[in-house]
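# Coordinate inspection notes
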Amino acid sequence: MRTLAALLGLLAVAAFAGCGSQHAVSLGQPGSTAPASTAPEQTGSKPNQLSLEVWFARDNGLVAVRRTHPPTQLVATAAIKALLHGPTADERSAGLTSAVPDGTRLIGIAIRDGLATVDLTSEYQSGGGALSMQTRLGQVVYTLTQFPTVQKVRFRLDGSPVNVFSSEGIVLDHPVGRSDYADLLPAIVVNQPAAGDHVTSPVSVSGTADVFEANVTVEILDAKGHVVGKTFTTASCGTGCRGTYSVAVTYKLATGQAGTIVVHDDDAAGTGTPPHSVRIPVTLAPA
């Protein structure tokens, strides 16, 4: 009986191992010696819902949206699968699209020493022109490099390393990062808060901008579109270079309600409308 029990125990262990993902992603600290293809992702504590950043396209530029996901160790896998699923109906109505072709599937992700190797099916390089190819590469790179242990990305298609991507002849024989696709970013990017967030006064607003004289204005609008809070800041760089900005904005409201955070640059031309503006719908707590 002991021999039979031991044999059954070994079979159970083997069956459990067979159920695990062979494409587990390691998000451990750079320099880890654990095999990247088998080490679990290190995510620390598990919140009720994960908040993941997924990058799509609008007006030929890259735009980040937020996705929630049940707690999982495979956070990079969850983010890429959300990307491959594409924008929601509401996001498409707002002008968001994806340059990633329909039918593209994730084969696996491995992360080690700050480098993520993502393996996608060959549909990923089908159709489109040079801009579409650069945009879809940027979507994956920006989605993966949201994680602090990913600085660069290497691509595989159907298990084979990519040296030249698509018929456009894009050279990909080296790791690529966010700086390789920075020209696809809009003039103003808002990282926080995210669309749909519940915020309280003062609201911390941060992101990046490449605008005239680095001037950035933040306004908070109530449900009727009235300005209930406003401030001004400057990005760390501007007029031809991208800088970061972060500012706290106070507002006053008697009741909680839907609102909008508007981030824009100066109307230097005097047209009455700033040349660049980003609107983030949020829920405003009373203050």
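What this report covers is the structure whose coordinates are included nearby. (Residues numbered from 1 in each chain as written. Predicted model: local features only at pLDDT ≥ 70, side-chain atom pairs only at ≥ 80, totals over all residues. Heavy atoms only, no water.)

As a further point, take the sheet that holds strand β4 (residues 115-120). Across the sheet, 4 strands lie side by side as β3-β4-β5-β6; this open sheet has mixed pairing. The outermost strands of the open sheet, each flanked by one partner alone, are β3 (106-112) and β6 (160-161). In this structure, β3 lies alongside β4, joined through 6 bridges in antiparallel fashion. Within the sheet, the bridge partner assigned to Leu 106 lies in β4 and is Leu 120. Strands β3 and β4 of the sheet are contacted by helix α2 (residues 75-85), whose axis makes an angle of about 140° with β3. Along the sheet face, helix α4 (residues 130-144) touches β3, β4 and β5 (152-157) and points at about 130° away from the line of β5. (Pairing = 2+ DSSP bridges. Helix = DSSP H or I, 4+ residues; strand = E, 2+ residues; numbered from the N terminus. Contact = heavy atoms within 4.5 Å. Axes fitted to C-alpha atoms, helices over the stretch in contact; angles between N-to-C directions.)

In this section: the pairing of strand β12 (residues 215-221). Most of β12 sits out of view: 7 of its 7 residues are buried. Side-chain alternation along β12 places Asn 215, Thr 217, Glu 219 and Leu 221 on one buried face and Val 216, Val 218 and Ile 220 on a second face that is also buried. The antiparallel pairing of β12 with strand β13 (residues 227-234) creates a hairpin that spans 5 residues between the two strands, and Gly 225 there sits at a positive phi of about 85°. Pairing analysis gives 5 bridges linking β12 to strand β15 (residues 257-264), with the strands arranged antiparallel. Each residue of the ladder has a partner; that of Val 218, found in β15, is Val 263. (Buried < 20%, exposed > 50% of the residue type's maximum accessible area, 1.4 Å probe, protein only.)

Okay, the nonpolar core next. Ranked by internal contacts, the top residues of the largest apolar core, which has 43 residues, are Val 118, Tyr 124, Leu 144, Phe 155, Phe 165 and Leu 172. Put simply, the parts of the chain that give this core at least two residues each are β1 (50-58), β2 (61-69), α2, β3, β4, α4 and β5. For this core, the element with the most residues is α2, which contributes 7 residues. Those residues in contact with Leu 144 that lie beyond four places of it in its chain are Ala 76, Ile 80, Ile 109, Ala 116, Val 118, Val 150 and Val 153. (Core = buried A, V, L, I, M, F, W, Y, C linked by side-chain atoms within 4.5 Å.)

The final tally for this structure, using the stated rule, is 1 disulfide. Between the sulfur atoms of Cys 237 and its disulfide partner Cys 241 the distance amounts to 1.5 Å. Disulfide Cys 237-Cys 241: the torsion about the S-S bond is -90°, which places it as left-handed. Given the relative accessible area of 25%, Cys 237 is considered partly exposed. By relative accessible area, which is 25% here, Cys 241 ends up partly exposed. (Disulfide = S-S within 2.5 Å.)

Of all 11 residues in α2, 8 are buried; the element is thus mostly enclosed. Packed against the buried residues of α2 are β1, β2, β3 and α4. Once α2 finishes, Gly 86 follows within two positions and takes phi at roughly 90°, a positive value.

Counting through the fold element by element, Thr 234 comes out in strand β13. For the pair formed by Thr 234 and Tyr 245, sequence separation is 11 residues and the distance between their alpha carbons is 6.4 Å. Excluding residues that lie within four positions of it along the chain, Thr 234 makes contacts with Ala 214, Asn 215, Thr 244 and Tyr 245.

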